[in-house]
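Listed here are the chains, written in short residue letters.
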Amino acid sequence: MAAAPGPRVLFLTANVSSIFDDPEQLQKNWLQEFFEVVRVQKPLFVAVHCQEVGGKNFHESKPHVEAFVRALVAGEEMQGFTRARIYMDQNSESKENFTALGCLFFLHDSLKNTLQFDFKARRFHKILGQETTVGPLDAISSLEKEKLSHESKLSRKGFIRTRWQLCGSVFDLVNIHLFHDADNITAWQDSPSIYSTTRQSALSHVLDRVTDERFDPAPFFIFGDFNFRLDTGQLIKSLYGEAQMERQQPDISEGNDRLVFTETNNDHKVLLRLEKRKFELADQDIFHADNGKILLPFDKELMPFKGRLFEIDIEYPPSYPYSEEQGQGCCYNNTRCPAWCDRILMSRSARELLLETETSKPLYNHLGANVCMGDHKPVLLTFHLVRDPAKQQPCCTMQ
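Residues numbered from 1 in each chain as written. Predicted model: local features only at pLDDT ≥ 70, side-chain atom pairs only at ≥ 80, totals over all residues. Heavy atoms only, no water.

Looking at the overall build of the protein
- For the protein, the count of helices and strands is 8 helices and 18 strands.
- For 399 residues, the compact-globule estimate of 2.2 N^0.38 gives 21 Å, and the C-alpha radius of gyration of the protein, at 22 Å, lies within 12% of that figure.
- By residue count, 55% of the 399 residues in the protein fall in the buried class.
- Counted over contacts in the protein with a minimum sequence separation of 6, partners at least 24 positions apart contribute 70%.
- Carbon and sulfur atoms form 47% of the exposed surface of the protein, whose accessible area is close to 18100 Å².
- The averaged location of the 55 negative side-chain charges in the protein is 6 Å from the averaged location of its 46 positive side-chain charges. (Helix = DSSP H or I, 4+ residues; strand = E, 2+ residues; numbered from the N terminus. Rg over C-alpha atoms; globule rule 2.2 N^0.38 Å. Buried < 20%, exposed > 50% of the residue type's maximum accessible area, 1.4 Å probe, protein only. Contact = heavy atoms within 4.5 Å. Areas by Shrake-Rupley, 256 points an atom, 1.4 Å probe, with all protein chains shown as cover. Lys, Arg positive; Asp, Glu negative; His and termini not counted. Charge placed at Lys NZ, Arg CZ, Asp CG, Glu CD.)

Spelled out as structure tokens, the structure:
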């Protein structure tokens, strides 16, 4: 018997640091774009994974995080979601545990037979009403949280795992934030870069934790800011292999090198300036043309996980780093090489939960293509959940 269409779900990942630095405008833009996708897609289950909740001033951000949550819940498009579970890690005083991750789950009133797993009691339970936690999350038994170890104790990288049962289908949702590239020149020197290798090790650890034998195996979706970067060395070689490179030292006190790539003719036009925190291209069109598809061969960080992690084909341009200036929502800033940092991945068994027919196909895209929403564009995946016809539980009531 063929699989039957289940409820429509919406998964979204967003590094939200910028919107807490400019709540007046960026947060307003972010909320408007989010509400619009909820209005258009009409999901019955919404899962939002946030990273860097609270922004750079996270020690003073709790009131701003609470205000953001209130604004999100109060949106007109969210009024049908009568049940919610919101977890925002704001325990910044605990350097050993603080991740600045946030998980927001919204269940429409018409969605029936939805359960959440309690990792301590090792059983599912019904979800009633709306509950919000802004603060320490370590004592909450409906999630697993771990901070990833790093040489810098100031790092706020880690993962949060929750488990759900919708209409008989059980799956895990994993919010993840991996380590970034600290130095563009260091990233350029080796292929793969030392940063890529570190991320690979961290992601392997998370996958091992999610699939170990402590709990029954389940399909899983893992989405967040993976900080995946293009192979910078190979990209620059491909783009500017014939260019002349000059190594400069702009300021001895800073101790930072500068690499300048210029044309060998045409009056030595500067093509690229590369510094620790600068990736300044003379022409950004390559990242916009055809959604940057020509760059996908340099997006290699998922290759070690082939057969273990799956992704819908990418049809959107690199999600980072965008300008934070109003009116420049389509422009990248000059700090890093643009890359698909923000992703929604899944296990093989989770991939089978996505309904694909002539009339129902998953949508995998970024949010706010022409709107300034901060340095990261949120990325979404929305689809109808496959429902096993052998499980006769009703999924939802007619709206």
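The rest of the description comes next.
Remarks on empty space enclosed by the protein
- The final tally for this structure, using the stated rule, is 2 cavities of 30 Å³ or more.
- Roughly 60 Å³ of volume is contained in the largest cavity.
- Taken together, Asp-181, Asn-184, Arg-229, Leu-230, Thr-232, Arg-336, Cys-337, Pro-338 and Ala-339 form the lining of the largest cavity.
- Here the second largest cavity defines a volume of roughly 50 Å³.
- Together, Phe-279, Leu-281, Gln-284, Phe-287, Tyr-332, Asn-333, Asn-334, Arg-336 and Pro-338 line the second largest cavity.
- Taken together, the residues of the lining of the second largest cavity sort by class into 5 nonpolar, 3 polar and 1 charged. (1 Å grid on protein atoms, 1.4 Å probe; cavity = no way out; pocket = protein on both sides within 12 Å on 5 of 7 lines; lining within 4 Å. Points joined across faces, edges and corners; volume = space filled by probe spheres on them. Nonpolar A, V, L, I, M, F, W, Y, C, P; charged D, E, K, R; others polar.)

Here's the deal with the environment of Leu-148
- Residue position: Leu-148 is located in the loop between strand E8 (144-147) and strand E9 (158-166).
- The class for Leu-148 is buried, based on a relative accessible area of 5%.
- When the C-alpha positions of Leu-148 and Asn-97 are compared, they lie 9.0 Å apart, and in sequence the two are 51 residues distant.
- Setting aside its immediate chain neighbours within four residues, Leu-148 contacts Lys-157, Gly-158, Phe-159, His-177, Leu-178, Phe-179, Ala-202, His-205 and Val-206.

Side note on the packing of helix H2 (residues 23-41) against helix H3 (residues 62-74)
- At a closest axis distance of 11 Å, the pairing of H2 and H3 adopts a crossing angle of 30°. The angle between H2 and H3 places the two elements in the roughly parallel class. Relative to H3, the crossing made by H2 is right-handed. Where H2 approaches H3, its residues Gln-27, Trp-30, Leu-31, Phe-34 and Phe-35 are matched on the opposing element by Phe-68, Ala-71 and Leu-72.
- Classifying every residue of the contact of H2 with H3 gives 7 nonpolar, 1 polar and no charged. (Axes fitted to C-alpha atoms, helices over the stretch in contact; angles between N-to-C directions. Parallel < 35°, antiparallel > 145°, perpendicular 65-115°, else oblique. Left-handed = near helix turned anticlockwise from the far one by under 90°.)

With respect to the layout of surface pockets
- The volume enclosed by the largest pocket comes to roughly 960 Å³.
- Forming the boundary of the largest pocket are 33 residues, of which Glu-52, Lys-157, His-180, Asp-181 and Arg-336 lie nearest the centre.
- When contributions to the lining of the largest pocket are tallied by element, the ones reaching two or more residues are helix H1 (17-21) and helix H5 (194-210).

What to know about H2
- Compared with an ideal rise of 1.5 Å per residue, which puts 19 residues at 27 Å, H2 spans 26 Å between its outermost C-alpha atoms and is within 8% of the ideal.
- Considered for burial, the residues of H2 that qualify are Leu-26, Gln-27, Asn-29, Trp-30, Leu-31, Phe-34, Phe-35, Val-37, Val-38 and Gln-41. (Expected span 1.5 Å × (residues − 1).)

So, the side chain of Ser-92
- Looking at where Ser-92 falls in the secondary structure, it is placed in the loop between strand E3 (83-89) and strand E4 (102-107).
- In this structure, Ser-92 is in contact with Phe-58, His-59 and Phe-98, ignoring residues within four places of it in sequence.

Describing the pairing of strand E5 (residues 114-118)
- Of all 5 residues that make up E5, 4 are buried, and the element is covered over most of its length.
- Sheet analysis places E5 next to E9, joined by 3 bridges and oriented antiparallel. If you follow Thr-114 over to E9, its bridge partner there is Leu-166.
- Pairing of E5 with strand E6 (residues 123-126), which is carried by 4 bridges, proceeds in the antiparallel orientation. Bridge assignment links Leu-115 to a residue of E6, and that residue is Lys-126. (Pairing = 2+ DSSP bridges.)

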